[in-house]
Amino acid sequence: MSDHDHSHDQGFLRKYVFSIDHKVIGVQYAVTALVFLFFGFCLMMMMRWQLAYPGQSMPVLGELLPSLFGKEWAETNMGGGVMSPDLYNSLGAMHGTIMIFLGVVPLIVGGFGNYVMPLQIGAPDMSFPKLNMMSYWVYFMGGMIMLASFFAPGGAANSGWTSYAPLSVTATQGQTWWLVGMIFLITSSLLGSVNFIVTIFHLRAKGMTMFRMPFFVWAQLVTAFLLLLAFPPLEAAGALQLMDRVAGTSFFMPQGLVVSGVVQEYAGGGSPLLWQHLFWFLAHPEVYVLILPAFGIITEIIAANTRKPIWGYRTMVYSVVFLGFTSFIVWAHHMFITGMGTSISAFFATTTMIISIPSVILLTCLLITLYRGSIRFNTAMLFALSFLPMFAIGGLTGLPLGLPASDIALHDTYYIIGHFHYVVAPGTIFAAFAGVYFWFPKVTGRMMSETLGKLHWITSLIAINVVFMPMFFQGLAGISRRLYDQRLYSWGDAMQGWTVVSSWGAWALGLAQIFFILNFFLSIKFGRKASANPWDATTLEWSAPSPPPHGNFAKVPTVHREPYEYSVPGMSKDYFPQNVSEA
């Protein structure tokens, strides 16, 4: 008999720590990712102090960090409580890495995907439960290696979240830890993606055809293929860069490189541009690894809270599949400034414009769904509604970056930071918050506080725009990204006021999360008890008890219809669950 058959006999460690139940693993992913997101956000708030008040001692942390890391570390990184350029670079590199690879992707794919997807297709678990457990623990180990790099000689990685060679090959020891951690994280994603694909194709309940799957499942399926196909090139590249650092190879190191006046002993004639191609071949599909599951979450919430079928469901499915395919042929729009020829630049500019079309289709379908809907403005819906214009701003501001002429002027400025963060911060992270509020009663059996939730939403919405909107103004004024003190240049000094505004917005955004943290933990203990289907939704996860037992369903469900049968004429209720027969 399998471990599943004896789940009730398992001890605490096997049941809740080294679990093979997809629901427990989903919760592990989600909670771990939320902790990493909070830590990565703290790094950003430290950077914002340096940008707003360069040369001034950091409050509290200016004294606490030197006492924690020791005198030698303090002299190098934070003399007199003032951040050094090297420490600023490390915080920037680790902020980007943690937020993307340790935070958003594990939360939105590993957390929501693991917990919700098997329930939505009527499966008792994932196809490979032990592989699922392994994917979490490999991810956890990668995260611990990344965090441990802060204690490495010379500090954590300081070559940006992109780890561009040759800088990354000649960097301090923390870069080696970064590469090892990244290999662990990529391995985790590969294990998870294989599991997702096999589960969706082989464990669907009777009657669950492909076009009866909720849009969230389609989004997770396309995302799994992106992870499976795009991550191996970066894993190979990471191993090669690791060899450059520890074994003296020169895959990415050019011959005759001079560092601080010293000619480096690399004779293989490696190519730094090769690293960029391998990195961005993953990192552009990675943008859609972030955004596609977010669209899946938003679609489920909008359908349930407008009491209408999703307008253009099949069109959205075709769009998301097309989006996944085209995401593999646009990567070099991140590399226009490397001097590629006009013909190849024209190809990548054209494909970049094309890939914007399915994104517009997805937004349009959701906006039309809202038209004349009986909208319920609960917290999950408010975050979902906020996602739409925030993602639209991120998408529209990205169009000039897809054209070589405008990208060359904007590429290394704050405009890039504003554009990217509008996609992944008020975009993807708002979708993740919406998902937490929406599925929290399914996971815990209790409702979250709507009062605290709405306070969290409005304060976060205002603060996050105060953080990122000024970056467009700074970028258009020519302020370079990655500067630890923009006042070094006259035009930077003129825009310093916007930097202070942005920093105050960041700290306000941090304070806004107190509402969420209080709501999350208080609701687990004191929240109002939830029914199995508190939102009167139609998809299969709401036919299981809250929280679902081992095996998910008392009786394996049979699917009779498409996923969003709301307000069906002639029905006594305004929703028609997938597992309820005509009779």
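Residues numbered from 1 in each chain as written. Predicted model: local features only at pLDDT ≥ 70, side-chain atom pairs only at ≥ 80, totals over all residues. Heavy atoms only, no water.

Participant: For this particular structure, what's the right way to read the overall build of the protein?
Facilitator: Scanning the protein for helices and strands turns up 18 helices and 2 strands. Each of the three principal axes of the protein carries a C-alpha extent, and together these read 80 × 55 × 55 Å. Classification of the 583 residues of the protein by burial places 57% in the buried group. Sequence separation of 24 or more characterises 78% of the internal contacts of the protein that already satisfy a separation of 6 or more. Accessible surface for the protein amounts to roughly 23100 Å². Of this, 69% is attributable to carbon and sulfur atoms. If the 27 positive side-chain charges of the protein are averaged to one point and the 25 negative ones to another, these points end up 13 Å apart. (Helix = DSSP H or I, 4+ residues; strand = E, 2+ residues; numbered from the N terminus. Buried < 20%, exposed > 50% of the residue type's maximum accessible area, 1.4 Å probe, protein only. Contact = heavy atoms within 4.5 Å. Areas by Shrake-Rupley, 256 points an atom, 1.4 Å probe, with all protein chains shown as cover. Lys, Arg positive; Asp, Glu negative; His and termini not counted. Charge placed at Lys NZ, Arg CZ, Asp CG, Glu CD.)

Participant: Mind showing me how you'd approach the packing of aromatic side chains here?
Facilitator: One pass over the full model with this rule turns up 52 aromatic pairs. Ring centres of W504 and W507 lie 5.4 Å apart, and the angle between their planes is 75 degrees; on these two criteria the pair is classed as edge-to-face. Pair noted here: W504 and W507 are both in helix α18 (residues 496-526), with a separation of 3 residues, about one helical turn. In this structure W507 comes out as buried when scored by relative accessible area, which is 18%. Counting every residue linked through ring pairs, the aromatic cluster contains F101, W161, F231, F252, W275, F279, W280 and F420. (Phe/Tyr/Trp six-rings, centres within 6.5 Å; stacked < 30°, edge-to-face > 60°.)

Participant: Looking at this structure, how should I read helix α9 (residues 215-246)?
Facilitator: Because each turn of an α-helix spans 3.6 residues, side chains separated by three or four positions in sequence point in the same direction. Taking 1.5 Å as the rise per residue, α9 with 32 residues should run 46 Å; its terminal C-alpha atoms sit 45 Å apart, in good agreement. A maximum bend of about 35 degrees is found in α9 at F231, where proline P232 lies one to four positions downstream. Looking one or two places after α9, you find G248, whose phi comes out positive at around 75 degrees. (Expected span 1.5 Å × (residues − 1). Bend = angle between axes of the 7 residues up to and from the residue.)

Participant: I tried to follow the environment of G268 on my own but got confused; where do I start?
Facilitator: Residue position: G268 is located in the loop between β2 (262-263) and α10 (272-306). Judged by relative accessible area, which is 55%, G268 ranks as exposed. Along the sequence, G268 and G510 sit 242 residues apart, while their C-alpha atoms lie 48 Å from each other.

Participant: Before we go on, may I ask you to explain the pattern of salt bridges in this structure?
Facilitator: Two side chains carrying opposite charge are able to pair once their charged atoms lie near each other. Within the structure shown, the criterion is met by 5 salt bridges. Two residues, R482 and D412, come together in a salt bridge whose shortest N-O distance is 3.3 Å. Taken as a pair, R482 in the loop between α16 (450-476) and α17 (490-494) and D412 in the loop between α14 (404-410) and α15 (414-444) lie far apart in primary sequence, 70 residues in all. Residue R482 is classed as exposed on the basis of its relative accessible area, which comes to 51%. Take D412: its relative accessible area is 36%, and that puts it in the partly exposed class. (Salt bridge = Lys/Arg side-chain N within 4 Å of Asp/Glu carboxyl O.)

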